Amino acid sequence: MAFKQLSALLAIAAVANAAPPRRVACGDGNTVTNAACCALFPILEDIQTNLFDGGECGEEVHESLRLTFHDAIGFSRTKGGGGADGSIVVFSDIETAFHANGGIDGIVEVQKPFIAAHTLTPGDFIQFAGAIGVSNCPGAPRLDFLMGRPAPKAASPDLLVPEPFDATTKILERFADAGFSSNEVVALLASHTIAAADLIDPTIPGTPFDSTPGLFDTQVFIEVQLKGVAFPGPNTTEGGLMSPLGGETRLQSDFEIARDPRTACEWQSFVNNQAKMQTDFKAAMRKLSLLGQNENRMIDCSEVIPVPKPLTTKPHLPAGKTRADVQAACAFSPFPALTAQAGPATSVPAVPPS
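Because the structure is a prediction, the values reported are computed rather than measured.

Some details on the packing of helix H2 (residues 40–51) against helix H7 (residues 122–135)
For the pair H2 and H7, interaxial distance at closest approach is 11 Å and the crossing angle is 60°. Relative to H7, the element H2 lies oblique. Read as a crossing pair, H2 and H7 show a hand that is right-handed. Residue-level inspection shows Leu40, Ile43, Leu44, Ile47, Gln48 and Leu51 of H2 in contact with H7, the latter providing Phe125, Phe128, Ala129, Ile132 and Ser135.

Let's talk about the nonpolar core
Leu40, Ile47, Phe128, Phe221, Leu288 and Val304 are the most contacted members of the largest nonpolar core, which totals 83 residues. For this core, the leading source of residues is H7, giving seven residues. With residues up to four places along the chain from it excluded, the contact list for isoleucine 47 reads Phe52, Phe125, Phe128, Ala129 and Ile132.

Let's talk about the state of the cysteines
This structure, assessed with the given rule, holds four disulfides. With its sulfur 2.0 Å from that of its partner, cysteine 26 forms a disulfide with cysteine 38. Its torsion about the S-S bond being -80°, the disulfide of cysteine 26 and cysteine 38 is classed as left-handed. Here cysteine 26 is found in the loop between strand S1 (24–25) and strand S2 (31–32), whereas its partner cysteine 38 is found in the loop between S2 and H2, with twelve residues between them in sequence. Classification of cysteine 26 by relative accessible area gives buried; the value is 8%. By relative accessible area, cysteine 38 is classed as buried at 18%. If you count the bonded cysteines of the chain from the N-terminus, they pair up as 1-3, 2-7, 4-5, 6-8.

Quick look at helix H11 (residues 252–259)
Counted residue by residue, H11 has six buried out of eight residues, so it is predominantly covered. Every buried residue belonging to H11 is among Gln252, Ser253, Asp254, Ile257, Ala258 and Arg259, and all of these are buried. Packed against the buried residues of H11 are helix H8 (168–177), helix H9 (182–188) and helix H12 (264–269).

As for the environment of histidine 118
With respect to the helices, strands and loops of the structure, histidine 118 is situated in the loop between helix H6 (105–117) and H7. The class of histidine 118 is partly exposed, set by a relative accessible area of 21%. Linking histidine 118 and proline 42, residues 76 residues apart in sequence, is a C-alpha distance of 9.2 Å. Those residues in contact with histidine 118, other than ones at most four positions away along the chain, are Ile43 and Asp46.

Looking at the pattern of salt bridges
In the structure shown here, the tally under the stated rule is 13 salt bridges. For aspartate 144, the salt bridge identified is with lysine 282, shortest N-O distance 3.8 Å. Within this pair, whereas aspartate 144 is found in the loop between H7 and strand S3 (146–147), its partner lysine 282 is found in helix H13 (residues 274–289), the two being separated by 138 residues in sequence. For lysine 282, a relative accessible area of 28% gives the class partly exposed. Here the residues in one salt-bridge network are Asp144, Lys282, Arg286 and Glu295, joined through shared partners.

Section: the side chain of glutamine 293
Mapped onto the elements, glutamine 293 comes out in the loop between H13 and strand S6 (299–300). Judged by relative accessible area, glutamine 293 falls into the buried class, the value being 16%. Here the side chain of glutamine 293 touches alanine 84 through a polar contact of 3.3 Å, landing on its backbone oxygen.

A look at the environment of alanine 340
Tracing the sequence through the fold places alanine 340 in the segment after S6. For alanine 340 and alanine 319, which are 21 residues apart along the polypeptide, the C-alpha to C-alpha distance reads 5.6 Å. What alanine 340 contacts, discounting residues up to four positions off in sequence, is Leu317, Pro318 and Lys321.

Conventions used here
- Residues numbered from 1 in each chain as written.
- Predicted model: local features only at pLDDT ≥ 70, side-chain atom pairs only at ≥ 80, totals over all residues.
- Heavy atoms only, no water.
- Axes fitted to C-alpha atoms, helices over the stretch in contact; angles between N-to-C directions.
- Helix = DSSP H or I, 4+ residues; strand = E, 2+ residues; numbered from the N terminus.
- Parallel < 35°, antiparallel > 145°, perpendicular 65-115°, else oblique.
- Left-handed = near helix turned anticlockwise from the far one by under 90°.
- Contact = heavy atoms within 4.5 Å.
- Core = buried A, V, L, I, M, F, W, Y, C linked by side-chain atoms within 4.5 Å.
- Buried < 20%, exposed > 50% of the residue type's maximum accessible area, 1.4 Å probe, protein only.
- Disulfide = S-S within 2.5 Å.
- Salt bridge = Lys/Arg side-chain N within 4 Å of Asp/Glu carboxyl O.
- Polar contact = N/O pair within 3.5 Å; in protein donor to acceptor, adjacent residues only side chain to side chain.

Structure, rendered in structure tokens:
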């Protein structure tokens, strides 16, 4: 018995004293755990300089993050699709014509020359660019990036990308078919904190989903729960609803998911919990980025992704709003107490084009 205990203690000590993983020096001075990741640093520099305008959290970041989703969600346990394989780029003539992919052709065409100039497969480039872009937004989590997606074999089937006018049940069923829980769906919608719409009202492109589109904060979870008072423009199309702030757009799907009994409490849980939003979004994005892929054949190069700047602001009600404007929907806990910003009523400027 004593011998077994001694052996166990020695084993624990060996683990505790184990040397850290050996790092490999890249030619540019960076170090990595796996030498294959060295090739990513020049691509990272090109993306930051020439795609994201020197590392901004702007329009191209928003669109690149959207592209990660529209490519990856093309996966179904019953209908097929290659998931995060880059098919939306390789078969762009087919997939960008899908109604749900409206407007995605712009970022597809922007990224094509970058893909052609580098050694990454289209699927890898899309996810790599998305993770880099998110890192430019203060408050964001540092997303994982695994490399090794093979080239796509075929276009995704149509009707796999949810539409903003779809009912919540339809959206949850579509995500469940791809392997996501309702809580993971809400976590993925944290992406809307740095999103803007071009086609919900084509007369006002770049209309943000919350008042702080350059920050990865929880404001979208607050502002979607505020009472809508007006449309942001004159030609709101199907899937758009009245929003609480001038210059802000609101998706019907966000509005309903925030108020549906299956998802309302999870939605509210992010209102004043930045750390939870970061953790849950990171986990859901990793899962999304691996749809249709064999993780065992991939190389983890997450350490190449830059570390985002921390958030310096706090969750708040927009100026001009009070607790009376909140349409709380969680039956099990009250809406968190928030302080309203001082000053005149908030009006949100459009995200400028790149």
